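If you want the building blocks of each chain, they are given just below.
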2 protein chains.
Amino acid sequence: MTTDKVTNQDSPLDRFIAVIPAGGVGTRLWPLSRAAAPKFLHDLTGSGSTLLRATYDRLHPLAGTHMLVVTGVAHRAAVCSQLPEIKDSDLVLESEPKDSGAAIGLAAAILHERDPDTIMGSFAADQVISPEDLFQDAVREAIHTAAAGKIVTIGIKPTHPSTGFGYIRSGATLNIPGAPSAQSVVEFVEKPSEDVAQQYVDSGEYVWNAGMFVAPVALMLKHLEANQPVLFAGLQEIARAWDTPQRDEVKDRIWPTLPKIAIDYAVAEPAAAAGDVAVVPGIFGWDDVGDFASVGRLNSAREVDDVTVLGEGARVFTENASGVVVSDTKRVIALIGIKDVVIVDTPDALLVTTKAHSQRVKQAVDALKARGDADVL
Amino acid sequence: MTTDKVTNQDSPLDRFIAVIPAGGVGTRLWPLSRAAAPKFLHDLTGSGSTLLRATYDRLHPLAGTHMLVVTGVAHRAAVCSQLPEIKDSDLVLESEPKDSGAAIGLAAAILHERDPDTIMGSFAADQVISPEDLFQDAVREAIHTAAAGKIVTIGIKPTHPSTGFGYIRSGATLNIPGAPSAQSVVEFVEKPSEDVAQQYVDSGEYVWNAGMFVAPVALMLKHLEANQPVLFAGLQEIARAWDTPQRDEVKDRIWPTLPKIAIDYAVAEPAAAAGDVAVVPGIFGWDDVGDFASVGRLNSAREVDDVTVLGEGARVFTENASGVVVSDTKRVIALIGIKDVVIVDTPDALLVTTKAHSQRVKQAVDALKARGDADVL
């Protein structure tokens, strides 16, 4: 981890710094993922790495150790343990969640204060991507496109008409050197109905919005200032104090006052309307590990009969069973004559559902919260 | 518990002493029931009493405190805690399992040594019976029948053509005073096929063999001596030493040498062939709690939606689910969109199956034993 990024002379790739927002509990992965141990701190693919560590390692060939991580103050120790390379000044700790506008906006402002020519790339800590070289190729194209003055989103070629993702409608090819597949963005659209999603997929003009942005920090801030002047001013004040002894004092004073807004509304959509957004279609495999059915799909390594087993200490016995077992205990788990089941076994909570119902875990968590079982959430 | 049994003067009911064999792990109820905490030590009906305690309480109106309990030496503390009324000399502790011939035979021999006119009744500790007054009526008839010189089994009127029980074919009514429903036994038959079971039920001549015997101890021992002279001699030697300071020394020396045989083969079947066995048909509800589907049926008290929940500390959340949850932990258990499921949650082992497959738990336990997971069995 002591080597630095390898780039061409005078390449825009030299200006690249990666930002990793590590937030989001991953409610649909309860009881494994929860407030105290969110999704990004788990190894959900059986790779041996947490999703956070895998994200860092995937970005390292592009950014070297030039990375900023934004996470909740409660996760400081866990994140530092996963990413010992991260310096204190590159770890942005949110004292309370303020949505992605403040999180990514502050990263942009800090990086701009350090070097206004920086190109930032924001990549959530809880996604699964493979193969990595195709991802890195797409990011390189996005960096070249950003250097030409665009906010660039990396969209994912849809494999099915998902109703769980937003879509991006792409337009003309931009013909940017080093970015042959970059296209203009016509519009961002919300999660569609199944019929509409099918039309999107059939048209060939739409990609999934995976929430990945690559952009010149100056352009990010220009749109942020225009659309969210209060948020922009607060972030600027924190950023100016960031690399000074006043960092914590200023952050602690300003952060709680910031408005909550998603980066999509604060920057991406208005920038798209202004013609400043491009898209690079990703042809790599991508999964946001949204539920346990997805966890099952991503783990083909260890199967006991037709049951996918996740968890080092798992002692699973199956007879005439299929599905997914996620074990966070060392208990013996016996499955007999039950199909497509999802079992998540943790020290204080047990989930039993089916692959088909795994999206409904979120509602169960809401119900548990409502009835006062917050100790296990 | 200080009152004694209420009987008529000079009634055979005065000669009655109850024997409770408390053995059998109840493998099909794993992981709740296991070697260290067998079935009879659990409250499987949600009544607030263990099966053992409920058995004692059901027999108390007939036997008062005149009861003998036969159990494994490992369960001494648990049994004494459940039945503080039992004296040391009325607690027969098996240093190793020797099947029901030795267990019930030793009880008969001890009681005969104390009073050869005793009528004993043997009732397993892990059955569920209701209503109790109809059971007690049947036992009283059985005691009167025993006083007339019979070994009397209480059979259960079949409610369906079960292939899981042995059957008893009844013959002519015996016309014994105090026992209007007592009949001769033509034969004991093994667990039948489904077709044969249906014929048995249709004929009206067959009852389920519930393993309940009422008999003069002298008659039990006469048949035991005739059919199993080695077993008889060993049991006699222990019985003669039982109420002396040599009890433990003699028992520890003889018990390991005794042959293993079921009481059915050692006494009941040869006695039936000799015309010495009668049957009193029981018209009470009876369940041997053979599997978790049965546990579900017996517990209608606490339902969370369509899920029967057993266990004091259970924190169960259900959505669109049905089945049985047996909780031996205080964990939150969330069931979402899963039907007819059986979940048994214990500190070191978890079972997930369906009501339809609950009989197959035994095979799973055998497989776990074979692969070396004996720590949870």
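Because the structure is predicted, anything quoted here is derived from the model rather than measured. In this convention, every chain numbers its residues from 1, walking through the sequence in written order. Lettering for chains starts from A, numbering for ligands starts from 1, and both go in the order in which the items are written. Owing to the predicted nature of the model, reporting of local features is limited to residues with pLDDT of at least 70; listing and counting of side-chain atom pairs is limited to 80 or more, with chain, interface and lining totals taken over all residues. Think of the side-chain values as coming from all heavy atoms in the structure, minus any hydrogens and water.

**Q** Lay out the overall build of chain A in plain terms, naming residues and giving numbers.
**A** Helix and strand labels come from DSSP, where a helix needs a run of H or I of at least four residues and a strand needs a run of E of at least two; each type is numbered from the N terminus. Assigned secondary structure in chain A consists of 11 helices and 18 strands. Each radius of gyration is computed over the set of C-alpha atoms, and the globule rule expresses the reference value as 2.2 Å times the number of residues to the power 0.38. Relative to the 2.2 N^0.38 estimate, which gives 21 Å for 377 residues, the radius of gyration of chain A is 21 Å and therefore close to what a compact globule would have. Referenced to the eigenvectors of the C-alpha coordinate spread, the extents of chain A come out at roughly 60 × 50 × 45 Å. For chain A, the residues scored as buried account for 57% of the 377 residues in total. The cut-offs for exposure are 20% and 50% of the maximum accessible area for each residue type, with area from a 1.4 Å probe on protein chains only; residues under the lower value are buried, those over the upper are exposed, and the others partly exposed.

**Q** Any chance you could break down helix H3 (residues 99-114) of chain A for me, citing the residues and the numbers?
**A** To estimate how far a helix should reach, multiply one less than its number of residues by 1.5 Å. Between its first and last C-alpha atoms H3(A) spans 23 Å; for 16 residues at 1.5 Å apiece the expected length is 22 Å, and the two agree. Within the span of H3(A), buried status applies to Gly101(A), Ala102(A), Ala103(A), Ile104(A), Gly105(A), Leu106(A), Ala107(A), Ala108(A), Ala109(A), Ile110(A) and Leu111(A).

**Q** Give me the interface of chain B and chain A: which residues, what numbers.
**A** Any two residues whose heavy atoms approach within 4.5 Å are treated as being in contact. Taken together, the 37 residues of chain B in the interface contact 37 residues of chain A. Buried area between chain B and chain A, both sides added, is near 2900 Å², and the carbon and sulfur share of it is 57%. Salt-bridge detection follows one rule: a side-chain nitrogen of Lys or Arg within 4 Å of a carboxyl oxygen of Asp or Glu. Connecting chain B to chain A are 8 salt bridges. When the shortest N-O distance is used, the salt bridge between Arg360(B) and Glu319(A) registers 2.6 Å. Whenever a nitrogen or oxygen atom comes within 3.5 Å of another N or O atom, the pair is scored as a polar contact, on the condition that within protein one atom can donate a hydrogen and the other can accept it, and that pairs from neighbouring residues in sequence are kept only if both atoms are in side chains. Counting across the chain B and chain A interface gives 26 residue pairs in polar contact (both at pLDDT 80 or more). When contributions to the side of chain B that touches chain A are tallied by element, the ones reaching two or more residues are strand E14 (315-319), strand E16 (332-336), strand E17 (341-345), strand E18 (349-354) and helix H11 (361-371) of chain B. For this classification, the nonpolar set comprises Ala, Val, Leu, Ile, Met, Phe, Trp, Tyr, Cys and Pro, the charged set comprises Asp, Glu, Lys and Arg, and every other residue, Gly included, is treated as polar. Looking at the side of chain B that touches chain A, its residues break down into 21 nonpolar, 7 polar and 9 charged. Pairing analysis gives 4 bridges linking strand E16 (residues 332-336) of chain A to E18(B), with the strands arranged parallel. The buried area of a pairing is the accessible area, by a 1.4 Å probe, that goes missing from both parts when the two are put together, added over both. By the convention used here, strands pair only if DSSP detects at least 2 bridges between them.

**Q** Lay out the packing of helix H1 (residues 51-63) of chain B against helix H4 (residues 132-147) of chain B with the relevant residues and their values.
**A** Describing two packed helices takes the angle between their axes plus the distance from one axis to the other. Residues and elements named next belong to chain B. Throughout, an axis means a line fitted to C-alpha atoms (over the contacting stretch in the case of helices), and angles, computed between N-to-C directions, take values from 0 to 180 degrees. Where H1 contacts H4, the two axes come as close as 10 Å, and the packing angle between them is 45 degrees. By the angle between their axes, H1 is oblique relative to H4. Read as a crossing pair, H1 and H4 show a hand that is right-handed. The segment H1 lies against H4, with Arg58, Leu59, Pro61 and Leu62 engaging Glu132, Phe135, Gln136, Val139 and Arg140. Oblique is the label for any angle not covered by the other classes, which are roughly parallel (under 35 degrees), roughly antiparallel (over 145) and roughly perpendicular (65 to 115). With the far helix as reference, a near helix turned anticlockwise by less than a right angle produces a left-handed crossing, and one turned clockwise produces a right-handed crossing.

**Q** Tell me about the domain arrangement of chain A, residues and numbers included.
**A** By a widely used convention, the size of an interface equals the accessible area lost when the partners come together. All names here are of chain A. What the domain assignment lists for chain A is domain 1 (12-287) and domain 2 (301-376). Residue ranges assigned to the domains are those given by an automatic or database domain assignment. Here domain 1 and domain 2 have C-alpha centroids that lie 31 Å from each other. At the interface, 9 residues of domain 1 touch 16 residues of domain 2. Across the domain 1/domain 2 interface, buried area totals approximately 1100 Å², and carbon plus sulfur atoms make up 70% of it. Counting the surface domain 1 buries against domain 2, the share from its top three residues, Arg28, Trp30 and Arg34, is 56%. Inspection of the region where domain 1 meets domain 2 yields 1 salt bridge. For Asp348, the salt bridge identified is with Arg34, shortest N-O distance 2.9 Å.

**Q** With reference to specific residues and values, describe the pairing of strand E10 (residues 277-282) of chain B.
**A** A regular strand carries its side chains on alternate faces of the sheet. Residues and elements named next belong to chain B. In terms of residue burial, E10 counts as a mostly covered element, since 6 of its 6 residues are buried. Here E10 shows no split at all, with Val277, Val279 and Pro281 on one side and Ala278, Val280 and Gly282 on the other all buried. In this sheet, E10 lies alongside strand E6 (residues 151-156) in parallel orientation, the contact comprising 6 bridges. Counterpart to Ile151 in the pairing with E10 is Val277. For strand E8 (residues 183-189) and E10, the ladder comprises 2 bridges, and the chain directions are antiparallel.

**Q** Give a description of the packing of aromatic side chains that names residues and reports values.
**A** To pair, rings of Phe, Tyr and Trp, with the six-membered ring standing in for Trp, must have centres within 6.5 Å; the planes then decide the type, stacked if under 30 degrees apart, edge-to-face if over 60, and tilted in the middle. Within the structure shown, the criterion is met by 14 aromatic pairs over all chains. Between Phe165(A) and Trp208(A), the ring centres sit 4.9 Å apart and the planes meet at 55 degrees, which makes this aromatic pair tilted. On the criterion of sequence distance, the pair formed by Phe165(A) in the loop between strand E6 (151-156) and strand E7 (167-173) and Trp208(A) in strand E9 (residues 206-216) is long-range, its members being 43 residues apart. With respect to burial, Phe165(A) and Trp208(A) carry one shared label: buried. When the centroid spacing of 3.9 Å and the interplanar angle of 10 degrees are considered together, the rings of Tyr200(B) and Tyr206(B) count as stacked. Given the relative accessible area of 13%, Tyr200(B) is considered buried. Given a relative accessible area of 11%, Tyr206(B) falls into the buried group. Taken together, the ring pairs connect Phe123(A), Phe135(A) and Phe284(A) into an aromatic cluster. The residue whose ring lies beneath Arg58(A) is Phe135(A), and the NZ or CZ to ring-centre distance is 5.6 Å. Criterion for a charge above a ring: Arg CZ or Lys NZ at most 6 Å from the ring centre, at most 35 degrees from the ring normal.

**Q** Please set out the UniProt feature "domain: Nucleotidyl transferase" (unreviewed entry) in chain A residue by residue, giving values where relevant.
**A** UniProt positions are given in the numbering used here, feature names are shortened, and annotations may be inferred rather than shown by experiment. Within this numbering scheme, the UniProt entry marks residues 18-297 of chain A as carrying the feature "domain: Nucleotidyl transferase" (unreviewed entry). Segment residues 18-297 of chain A splits into 40% helix and 22% strand. End C-alpha atoms: 28 Å apart.

**Q** Which residues make up the relation of the copies chain B and chain A, and what are the values?
**A** Least-squares fitting of chain B to chain A yields an RMSD of 0.1 Å, with the transformation described by 0.1 Å of translation along the axis and a rotation of 180 degrees. Here the two chains are linked by the operation of a two-fold rotation axis. Both copies contact each other with a shared surface, as 100% of the interface residues of chain B are interface residues in chain A too. Least-squares fitting of one copy onto the other uses the C-alpha atoms of those residues that reach a pLDDT of at least 70 in both copies.

**Q** Any details on the pairing of strand E8 (residues 183-189) of chain A? Residues and values, ideally.
**A** Sheet topology places E7(A) next to E8(A); 5 bridges connect them, and they run antiparallel. Each bridged residue has a counterpart across the sheet, and for Tyr167(A) the counterpart in E8(A) is Val189(A).

**Q** For the UniProt feature "domain: MannoseP isomerase/GMP-like beta-helix" (unreviewed entry) in chain A, give the residues involved together with the corresponding values.
**A** Here the UniProt-annotated "domain: MannoseP isomerase/GMP-like beta-helix" (unreviewed entry) positions come out as residues 321-368 of chain A. A helix fraction of 17% and a strand fraction of 46% characterise residues 321-368 of chain A, whose end C-alpha atoms lie 28 Å from each other.

**Q** Describe the pattern of salt bridges, and please don't skip the residues or the numbers.
**A** If you walk through the whole model with that rule in mind, you get 41 salt bridges over all chains. For the salt bridge of Arg315(B) with Asp373(A), the shortest nitrogen-to-oxygen distance reads 2.7 Å. Pair noted here: Arg315(B) is in strand E14 and Asp373(A) is in the segment after helix H11 (361-371), and the two residues belong to different chains. Relative accessible area serves as the criterion here: at 22%, Arg315(B) is assigned to the partly exposed category. The closest approach of N and O atoms between Glu237(B) and Arg253(B), which form a salt bridge, is 3.5 Å. Placement of Glu237(B) in helix H7 (residues 229-242) and of Arg253(B) in helix H8 (residues 247-254) is noted, with a sequence separation of 16 residues between them. Note on Arg253(B): relative accessible area 44%, which makes it partly exposed. One continuous salt-bridge network, built from bridges that share partners, spans Arg315(A), Arg371(B), Asp373(B) and Asp375(B).

**Q** Any chance you could break down the environment of Leu377(A) for me, citing the residues and the numbers?
**A** Residues and elements named next belong to chain A. Within the secondary structure layout, Leu377 lies in the segment after H11. Taking the C-alpha atoms as reference points, Leu377 and Ala349, 28 residues apart in sequence, are found 9.0 Å from one another. Excluding residues within four positions of it along the chain, Leu377 makes contact with Trp30, Arg34, Ala35, Val365, Leu368 and Lys369.

**Q** I'd love a proper account of the side chain of Gln127(A), names of residues and values included.
**A** Residue and element names in this part refer to chain A. In this structure, Gln127 sits in the loop between strand E4 (119-122) and strand E5 (128-130). Among the polar contacts listed, one links the side chain of Gln127 to the side chain of Trp286, at a separation of 2.9 Å. Those residues in contact with Gln127 that sit more than four places away from it in its chain are Leu51, Thr55, Arg58, Ala210, Met212, Trp286 and Asp287.

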